[in-house]
Structures are given as structure tokens and as C-alpha cells.
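Inside the fold
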Amino acid sequence: SSMNQELIRNIQANLEQSLGNTIWCLPLNSLHITLMDWVAPLVNYEKDKDLIFRDIFEKNDAALKDVLSEIGTISITFSEIQASAGGVYLKGSDNGEFASIRHKFLERIDLIPGTKQPPAIIHTTIARYTDAVALKPIQDLIATQSINFTQPVDAFLLVRETKIPMLERELIKTYLLKPAV
């Protein structure tokens, strides 16, 4: 929601103010929560990624539709800001739906060798580093920031990322979750 985006933008502004050019904040329209990769953007596969995608789409699509068929809108509460070597991210929690979807999908589908496993957490990366950074000062800084908001998820988007990280993407398919009765 725009209110949630405003909260995120405030955190980003504080990071920029304190860290200057060592940090790059992601545009709000690129923020996302990754459910999983079918074809990972940064992996070099033995053949063309678009061909691989065409090979697996039908099977993966059927499996995901099946797994999502009983899942209604997911409520994610973001209440933690974390910094890792990869960037600054917000960590969220749900009622176990993300983990369940990932687990059930992987029971039905073997990911292509080399593809990274789905994330074990729910997170959205809000900033990356432009340079090698010392993590401690960044962790100290974010310890002074707090966040707490709920984000409903009522659909998953299957996208082809054309400019990493999600700066440009093509929407392939939308999977709507079961509407509340």
C-alpha cells in the first residue's frame, strides 16, 4: 500500500542520509518478495534460459496452481530491519503460508540443477551497497530504526526479470489467491 511504501521510503531516506553513496536504495516500484526462482537470473545454465523456461513452464505452472488453489490472501507483518552482506532488507512473517507453498511446490517439482533453493524467510530488499562495506556500522544504524506494518498478498506474479534487481520485468502470469468468503 502507499502508506507502507511511505514507511519504507522513510527508512531508505535515513539510510541515505547516514551512509551516503555507499548505499543504493531500490525504487519503490521494484520492491518485491521472492516466493522462489524457477530460472535464477544470476546462474549460468547449460542452455538458454528462455528455452529452459519454455521446457519447465507447463509442469511448474500446473504445480503452482495446484499448491495455491486452497490459499487465501496472505497477511505479512514486517517488523524487522536486517543488514546482511547482500543488502538491507525488511523481514516479515506470515502464518506459515510462504513456507508451506515453497515446500509443497518442491514436493512436486525438482528445480533445475544450479537454481538456488527458495528463500527460507520472507523478506524484501530495500537497499544494496555500491561498495564493500563494514556491516557493523550499518547494523548499528538500523538498530535505531523501527518498522511495523502489515502487507496483504492476494496474488503472485510470474515475471521475467530483464533488469536486475527487478528494475525492469515482463509479467508472464498472475496467480490470484482464493478470495475471502
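Anyway, here's the lowdown on the structure attached to this text. All values derive from a computational prediction rather than experimental measurement. Numbers given for residues are sequential positions, taken from 1 along each chain in its written order. Two thresholds apply to this predicted model, a pLDDT of at least 70 for residue-level local features and 80 or more for giving and counting side-chain atom pairs, whereas whole-chain, interface and lining totals are computed over all residues. Working from all heavy atoms in the structure, the side-chain values ignore hydrogens and water.

1. Quick notes on helix α4 (residues 135-143)
- With a 1.4 Å probe rolled over the protein chains alone, any residue whose accessible area is under 20% of its type maximum counts as buried; one over 50% counts as exposed, and the rest are partly exposed. Counting from the N terminus, the helices are DSSP H or I runs at least four residues long and the strands are E runs at least two residues long. All of the buried residues along α4 are Ile-138, Leu-141 and Ile-142. An end-on view of α4 places all buried positions within 90 degrees of arc, on one side of the element. In α4, the exposed positions that point more than 90 degrees away from the buried face belong to Lys-136 and Ala-143.
- Only heavy atoms matter for contacts: two residues are in contact if any of them lie within 4.5 Å across the pair. In this fold, the buried residues of α4 make contact with α1 (2-19), β2 (74-84), β3 (87-93) and β4 (122-129). The directions from the helix axis to the C-beta atoms are what the arc is built from.

2. Quick notes on the sheet that holds β4
- On the basis of which strands lie adjacent, the open sheet formed by five strands has the order β1-β4-β3-β2-β5 and antiparallel pairing. Sheet topology places β1 (23-25) and β5 (149-153) at the edges, where each strand pairs with a single neighbour. Averaged over all adjacent pairs, the angle separating strand axes in this sheet is 35 degrees, with direction ignored.
- Two strands make a pair as long as DSSP finds a minimum of two bridges between them. When β3 meets β4, the two strands line up antiparallel, connected through five bridges. The residue of β4 that forms the bridge with Gly-92 is Ile-122.
- For helices, the axis comes from a line fit to the C-alpha atoms of the stretch in contact; other axes are also lines fit to C-alpha atoms, and the angle between any two N-to-C directions lies between 0 and 180 degrees. Together, β2, β3 and β4 form the strand contacts of α4, whose direction differs from that of β2 by roughly 135 degrees.

3. Focus on the nonpolar core
- Buried residues of nine kinds, namely Ala, Val, Leu, Ile, Met, Phe, Trp, Tyr and Cys, make up a nonpolar core once their side-chain atoms join them within 4.5 Å. If you look at the biggest cluster of nonpolar residues, it comprises 50 residues, and the most contacted ones within it are Leu-15, Trp-38, Ile-74, Val-88, Ile-101, Ile-126 and Phe-156.
- Take this core: its biggest share by element is seven residues, from helix α2 (residues 49-68).

4. A closer look at the packing of aromatic side chains
- Between rings of Phe, Tyr and Trp, where Trp is taken as its six-membered ring, a pair exists when centres lie within 6.5 Å; planes separated by under 30 degrees are stacked, by over 60 edge-to-face, and by other angles tilted. In the structure shown here, the tally under the stated rule is five aromatic pairs.
- Taking the centre distance of 5.5 Å and the plane angle of 45 degrees together, the rings of Phe-53 and Phe-57 count as tilted. Residue Phe-53 and its partner Phe-57 are located together in helix α2, separated by four residues, close to a single helical turn.
- A network of ring pairs unites the aromatic residues Trp-38, Phe-53, Phe-57 and Phe-105 as a single cluster.

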